Amino acid sequence: QVQLVESGGGLGQTGGSLRLSCAASGRTFSSYTMSWFRQAPGKEREFVAAISRNSDVTSYADSVKGRFTISRDNAKNTVYLQMNRLKPEDTAVYSCAAPGRAYYFTIDMKEYNYWGQGTQVTVSS
């Protein structure tokens, strides 16, 4: 079993920054790709960013490219999402997730078996 716990959400201002964290426990964190997804009110959940197990590969949604940065610290079993130049359209519940397969890079939501409870990010205009 894998447990993922997000923190760091809250209220941000347009143009400001927030940093999300996701602490993982329950299996070998360093063997797995980790990703962030988000779901805005009335919309489907969407991919935000992914990072490979050893941080050599990252992937971003076009909507956040150049503004958000995903990183991880395998020694701390934690993945981060640094969100800069926030926009009101970034308002959503942000969830970290891990796929069911180790040593496998994917951004396909269907392949993610483990999810955190989510943290609310609200960006005021």
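Basis of the calculations
Residues numbered from 1 in each chain as written. Predicted model: local features only at pLDDT ≥ 70, side-chain atom pairs only at ≥ 80, totals over all residues. Heavy atoms only, no water. Salt bridge = Lys/Arg side-chain N within 4 Å of Asp/Glu carboxyl O. Helix = DSSP H or I, 4+ residues; strand = E, 2+ residues; numbered from the N terminus. Buried < 20%, exposed > 50% of the residue type's maximum accessible area, 1.4 Å probe, protein only. Disulfide = S-S within 2.5 Å. 1 Å grid on protein atoms, 1.4 Å probe; cavity = no way out; pocket = protein on both sides within 12 Å on 5 of 7 lines; lining within 4 Å. Points joined across faces, edges and corners; volume = space filled by probe spheres on them. Nonpolar A, V, L, I, M, F, W, Y, C, P; charged D, E, K, R; others polar. Phe/Tyr/Trp six-rings, centres within 6.5 Å; stacked < 30°, edge-to-face > 60°.

Caption draft 1: Layout of the pattern of salt bridges. As enumerated under the stated definition, the model contains five salt bridges in all. For Arg 38, the salt bridge identified is with Asp 90, shortest N-O distance 3.0 Å. Linking Arg 38 in strand E4 (residues 34–39) with Asp 90 in the loop between strand E8 (78–83) and strand E9 (92–99), this pair joins segments that are 52 residues apart in sequence. The same class applies to Arg 38 as to Asp 90, namely buried. In this structure, the salt-bridge partner of Arg 67 is Asp 90, at a minimum N-O distance of 2.7 Å. Of the two residues, Arg 67 sits in the loop between strand E6 (58–60) and strand E7 (68–73) while Asp 90 sits in the loop between E8 and E9, which places them 23 residues apart along the sequence. As far as burial versus exposure is concerned, Arg 67 and Asp 90 are alike and both buried. Among the ionic contacts, a cluster of salt bridges with common partners joins Arg 38, Glu 46, Arg 67 and Asp 90.

Caption draft 2: Examining the state of the cysteines more closely. According to the stated counting rule, one finds one disulfide in the structure shown. Disulfide pairing places Cys 22 opposite Cys 96 at an S-S distance of 1.9 Å. Note on the Cys 22 and Cys 96 pair: the S-S dihedral is about 50°, so by sign convention the disulfide is right-handed. Taken together, the residues span a long stretch of sequence, with Cys 22 in strand E3 (residues 18–25) and Cys 96 in strand E9 at a distance of 74 residues.

Caption draft 3: Quick peek at empty space enclosed by the protein. Per the counting criterion, the structure on display carries one cavity of 30 Å³ or more. Of the volumes computed, that of the largest cavity is approximately 50 Å³. In this structure, the largest cavity is lined by Val 2, Leu 4, Ala 24, Ser 25, Arg 27, Thr 28, Phe 29, Tyr 32, Met 34 and Ala 98. When grouped by side-chain class, the residues that make up the lining of the largest cavity number seven nonpolar, two polar and one charged.

Caption draft 4: Up close: the packing of aromatic side chains. For the structure on display, the rule yields four aromatic pairs. Plain terms: the ring middles of Phe 37 and Phe 47 are 5.8 Å apart, the flat faces sit at 70° to each other, and that makes the pair edge-to-face. Within this pair, whereas Phe 37 is found in strand E4, its partner Phe 47 is found in strand E5 (residues 46–51), the two being separated by 10 residues in sequence. For the pair formed by Phe 37 and Phe 47, the shared burial category is buried.

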